Amino acid sequence: MDPGYDANQVMYGEDYGEPAYYDEPLPEDSNYVEESEEADPDACTCDPCDCDCNPPGAQKKSIRGSKPLMDDEYEGEGEGDLGCTCDPCECETPPGSREKTMTMLTEAVEESEMVDTEVSHPYQLDEFTRAKAFFMNTSTKSGISLYDHLSDVIRKLLDERAPTNAVDFLEEISMNVKRYRFQQPKDVLQDVFYISEPVLNDARFLNDNWKQYAQWSDEAKEIPGEGFVAGGFQNLLRLQYYLEQVNIGLPREEMFRLALSIKDLTANRPYITKARFWGKIFCSRKNYYVVEADINSPGNSDADLWQPQEESQNPESVGGAGDAGPQENIPGAQATFEKAGNVVLNSDVLSAYSKTSGLPPEEQANLLPKTKAPTPPSDGGLLGEGEWGGEDAGKSPEDAEAAADFAKWQGYQEELMTKFPTPNVEVEVEIPPESDGTGANRRAFYVCNILGQPWVLLPPASPKQINGARQIRWGLTGELDGNIRSFPNFPGKEGHLLKAMLTRASAGSLVSPKGFYRGNSYPSEYEGEDDEDIEEEEESMNPPGDDKVTAVKKYRPPMDSLTNPKLTFWVHHACLILPQGRNVWWNPLRAKKRGDETEDEEEEEEDEGEEYEGEDGNMGPTREVGPPLFTPISTDVAPDGKAPWTLQTSSSVFKEFQVVSVRSNTWPGSTVVCTIKGKVDNIYLGDGQKFADRSYAPFMHENVMREYRIGPEIEEFPDPSVEEEQKWLNRLEMDELGDIEPPFVDNEEGYEEMEEAGEYSDED
Amino acid sequence: MDWRGMNFALDYLASTGTVFSVEQRVAIQSSLTILQQDNKFNYVHFLGKICGTERDYYFVCGIGKDYIKDRAYFYSINMGIDWVMLPLPNAGNIELGLACRGHFIGDPTADSETDIVPDNQDEIMEGDDWVTIKEEERLGATIAGIMNEVAIIPRGALIKSVNGLVTENKLFEGVPKVNATQFHSYYHLRRPENPWDRNIVVRADYNLSLDFLDSIACDLPIGCWSLQMDSLETTVFARSLYWPGFVAYHVMDTPRYGFIYIGTGKKNWDVPFMILPPPRAIKASVVEGGGDYQFDMGKETAEMPGEGGDFPYESGPDGRPYVPQELMDEEEEGN
């Protein structure tokens, strides 16, 4: 049996299945090997035994093995010596897929049923227990066993019977089971149902407002300001219905909350004569809701006025009409030059420098610009001979250096005094902003981020801000205090930019059917008129730049004219903002003539502007004139040469209930709707950006101006060496100055030098 | 969004200004039913509309077995009644189409003028015209751009099975609130362009069957996406600065998500001028060693998203994605 023994040993070793062994000693053995291969993987794919022992049962069967060996062959083969006694499986689970373990488990389950019903064979039981024991090994990491996990997965599948094609999602199911198992047990604190603070505040606000306005009892009518805006208040839900017909709008819930919020705004502010939902602006962090309001006395609204957070930097911007604050932080070219001149020509700086020139104090005084120009050094040198004790002045190299220094210094002084460079930029005339409630600042805008938060009034925009907003492209973030990084520099914070954007968008995109609005200077405002009459009388209404208009009651537009694709029936009811940044042109020449008294002139500016133009003739800048109010939008020109307005009708089926809308392509998001009953409303839902025909390119900066010559005050000199310094100090010791600073000593030589110097001074 | 769930989706999207009238919804849903039946699609997703000066283009995407690869695009110029298949743009047209000036008109046969000078000159010469393409080609390029750059889904909404098929994840339970406002939780709905490990390296809980797409956290510059929660803190809206008008929504902890584009169809190339630089603490999630990945630039024809294809305009001059120098320096300092 020795050869066979060896063969079996090899069989479990690495050279398993090599045919040469089976030929000679045990020719029948090959048959057995194949069979046992098939039978084995049922239990475990790993090598069953790592030990060197030879399973005797196997050998016995291999000897017998003419017929195929099944599991039941083991029956009666002697229980005692079955298999080896070592641990059946020491290896880890083979890295097989989960499907494999699943099939194994189901087989194990079947086996267990078999075990229960029949008195099964001990070997079978043993294999099953071994497999089960393997499955029930508890993971040292997670603390659960594969057995529990698989049964959980199967239970989940059987319970939910979902999803279909469950085998495709097996990994996910398994992952989910694991994830849910390891959820942290919630303690008492976590267990409390938690609603975040903003949501809760929102609900509280809504609830309060609801209680305040929803009850129509007597006390509700006593709310201050109630009914004040009855004429000017919008029916936002109806508006939303019309907007929905032309495929824009907001959710109805939001519209209702908005209406509630606007009611809250107007209820306590009697100076707001009209409040209109202007639109919603989508920004990157928060969104803005914008309400356009007419304020009859602007001074009252200061409480709501938005103030930038960094008040120390721009305190002027808080003020009402002025608002020239922010740009004062950015020094202009003139200011920079003045500042530089002050620094350079400062006597302190110059005297400080002159002290370093190594000259005696009397000579130092000559360097200062206050005195006469210093005399050029004589041939013998700059220094008086007697001043330097025993040294022969004028011939030593130090004196030559000093003379060169002096010459340099003198030339620099002369240049500085005579040719100090001046900025070649024209001093811009500050164009005064139009006061609150007039011109470009006629509309007051209240904004808020979240409905329920207090509304904030934006300060009026200056022409500089409006023009700055025209020159840049900046994404709004939703925070009014946000900084803007752009070139050219925008004078202000995001709130100022927002106001400028709203002003521009209003001027560009507020249109209405002809005849719906009429100017305020029209004598009989509220009487219904025929369309023809209105058209005639519109011609001479508001002065230029004034776009205070009033809606006509009982307006009935003709449907044919509304849907005319030429758009001649739709007119602007907001004034164009001139390139100057104002609605009413302001003559910059006047400022030059009048000098400083610019502030009080705003009221009389219109007349005077004309006067000056008349006087100066061609000398002055050309007067900018916008188109008159109620100009048809068919005359507009878009930058890309395509149609600036797009007409849309709501329904192609029910023409009787049609809603007509005109969409602005220059200000994407701006729409006006008009129903057949004559309800007209403008709304803006967009991101606040004007349509850009081409990509934005930042401005090239202007040519660099000439710098003043680099003088000795910023020129860098090489540091003196220790010896030079020492020499200089020794020289100074003749004066009192030498006592100020002890000589530098760092070695013995220096120490000796110091001693010598001390002796020297003692001698003096 | 699939047309079956369009009503619900539009309810969620309404607070971003996206509303469709009842008549419009009915028309679109009926026509899309027919479209799906005719073309044997599994899903038909309504993608949005591009506003032209005369007419609007509505466009949809039919999806077959695979969410990423089996796609076909259709557009309509009569408010979603009749649908026309959109021709696939080639690589040159994509570049030209995104460089077009001005608005769409609404006429597929109209000429669109681009910002491109013929023959690679530096400036336009006297007598030369700008390169023009047909508006239908521009439409194809625009839709390809939208789908490639901004179409997003929350993480886990799609699952990649073992045989490589990308399907809807039936077990998707939504992104929890903690993760819902993070850029790492939203993936591009396109064939991934980043190296496959770029996305999983940044996740502790990565899962190869879920994290096979590009995350929008890799998009540059940082800040080109905006994630907002609504006032009730149930829904997250993602908006892209590159394509103003694109909105994606996801209702947290539910498998409801979708996106829509309603805009002018013009890509906003000015994003770098419009945002503040991110705080120094935030870094682009560019994984070390990602530079080994090579874009194959030599492709003759780029295909629609879903058919694969790399877009050369997304990358820097040397073929690698553009990374600002500051960020590169920071990474080196980090080493």
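Cut-offs and rules
Residues numbered from 1 in each chain as written. Chains lettered and ligands numbered in written order. Predicted model: local features only at pLDDT ≥ 70, side-chain atom pairs only at ≥ 80, totals over all residues. Heavy atoms only, no water. Helix = DSSP H or I, 4+ residues; strand = E, 2+ residues; numbered from the N terminus. Buried < 20%, exposed > 50% of the residue type's maximum accessible area, 1.4 Å probe, protein only. Polar contact = N/O pair within 3.5 Å; in protein donor to acceptor, adjacent residues only side chain to side chain. Contact = heavy atoms within 4.5 Å. Core = buried A, V, L, I, M, F, W, Y, C linked by side-chain atoms within 4.5 Å. Domains from an automatic or database assignment. Pairing = 2+ DSSP bridges. Axes fitted to C-alpha atoms, helices over the stretch in contact; angles between N-to-C directions. Left-handed = near helix turned anticlockwise from the far one by under 90°. Nonpolar A, V, L, I, M, F, W, Y, C, P; charged D, E, K, R; others polar. Patch = residues over 30% accessible without salt bridge, like charges linked within 9 Å, V, L, I, M, F, W, Y side chains within 5 Å. Areas by Shrake-Rupley, 256 points an atom, 1.4 Å probe, with all protein chains shown as cover. Salt bridge = Lys/Arg side-chain N within 4 Å of Asp/Glu carboxyl O. Lys, Arg positive; Asp, Glu negative; His and termini not counted. Charge placed at Lys NZ, Arg CZ, Asp CG, Glu CD. pLDDT = per-residue confidence, 0-100. Phe/Tyr/Trp six-rings, centres within 6.5 Å; stacked < 30°, edge-to-face > 60°. Lys NZ or Arg CZ within 6 Å of the ring centre and 35° of its normal.

Attention now moves to the side chain of S670 of chain A. All names here are of chain A. Along the chain, S670 falls in strand β11 (residues 670–675). S670 sits in the buried class, given a relative accessible area of 4%. A polar contact is formed between the side chain of S670 and the side chain of S509, at a distance of 3.0 Å. Beyond its immediate stretch of four places on either side in the chain, S670 contacts S509, V662, R663, S664, I683 and Y684.

This next bit is on the nonpolar core. Ranked by size, the top nonpolar core spans 49 residues in total, and within it L158 and F246 of chain B carry the most contacts. Mapping this core onto the domain boundaries places at least three of its residues in each of domain 1 (3–119 + 127–149) and domain 2 (152–275) of chain B. Other than its neighbours up to four places away in sequence, F246 of chain B contacts V150, A151, I152, W225, A238, R239, S240, F259, I260 and Y261 of chain B. Residues V246, F282, I295 and L685 of chain A belong to the second largest nonpolar core, which totals 32 residues.

Bringing the sheet that holds strand β3 (residues 444–448) of chain A into the picture now. Residues and elements named next belong to chain A. The strand order across the open sheet formed by 8 strands is β4-β3-β2-β1-β12-β11-β10-β9, and the pairing between neighbours is mixed. Where the open sheet ends on each side, the last strands, each with one partner, are β4 (456–457) and β9 (645–649). Summarising the sheet, β11 and strand β12 (residues 680–686) pair through 5 bridges and their orientation is antiparallel. Among the inter-strand pairings, V672 is bridged to a residue of β12, identified as N682.

Turning our attention to the packing of helix α12 (residues 236–245) of chain A against helix α13 (residues 252–267) of chain A. All names here are of chain A. Viewed as axis vectors pointing N to C, α12 and α13 meet at an angle of 145°, and their least axial separation amounts to 9 Å. Considering the relative orientation of α12 and α13, their crossing is right-handed. Contacts between α12 and α13 involve L236, L237, Q240, L243 and E244 on the former and, on the latter, R252, M255, F256, L258, A259 and I262. Taken together, the residues of the contact of α12 with α13 break down into 8 nonpolar, 1 polar and 2 charged.

What follows is about the pairing of strand β14 (residues 256–263) of chain B. For β14 of chain B, a buried count of 6 out of 8 residues is recorded, marking the element as mostly surrounded by other parts of the structure. Between strand β13 (residues 246–251) of chain B and β14 of chain B, which pair antiparallel in sequence order, lie 4 residues; one of them, D253 of chain B, sits at a positive phi of approximately 65°.

A word on a positive patch on the surface. On the surface, R238, K553, K554, R556, K677 and K679 of chain A cluster together into a positively charged patch. Position of R238 of chain A among the secondary structure elements: in helix α12.

Taken together, the contact pairs 58 residues of chain A with 53 residues of chain B. In this structure, D56 of chain B and R663 of chain A form a salt bridge, with 3.3 Å as the shortest nitrogen-oxygen distance. Taken together, chain A and chain B are joined by 23 residue pairs in polar contact (both at pLDDT 80 or more). Residue assignment for the side of chain A that touches chain B shows that the elements contributing at least two residues are α8 (170–181), α10 (197–214), α12 and β9 of chain A. Sort the elements by how many residues they give to the side of chain A that touches chain B and α8 of chain A lands first, with 7 residues. Classifying every residue of the side of chain A that touches chain B gives 23 nonpolar, 18 polar and 17 charged.

Mean pLDDT over chain B: 80, with 80% of residues reaching 70 or higher. For residues 285–322 of chain B, every residue scores under 50 in pLDDT, and the model assigns this stretch 79 contacts once sequence neighbours within four places are set aside.

Turning our attention to the packing of aromatic side chains. If you walk through the whole model with that rule in mind, you get 20 aromatic pairs over all chains. Ring geometry for F246 of chain B versus F259 of chain B: centroids 5.5 Å apart, planes at 35°, classification tilted. Of this pair, F246 of chain B sits in strand β13 while F259 of chain B is found in strand β14, placing the two residues 13 residues apart along the sequence. Classification of F246 of chain B by relative accessible area gives buried; the value is 0%. Relative accessible area serves as the criterion here: at 5%, F259 of chain B is assigned to the buried category. Connected via pairs of aromatic rings, a cluster forms that spans W278, F445 and Y684 of chain A. It is R138 of chain B that lies over the ring of F104 of chain B; its NZ or CZ is 4.1 Å from the centre. Directly above the ring of Y242 of chain B sits K267 of chain B, whose terminal nitrogen or CZ lies 5.0 Å from the centroid.

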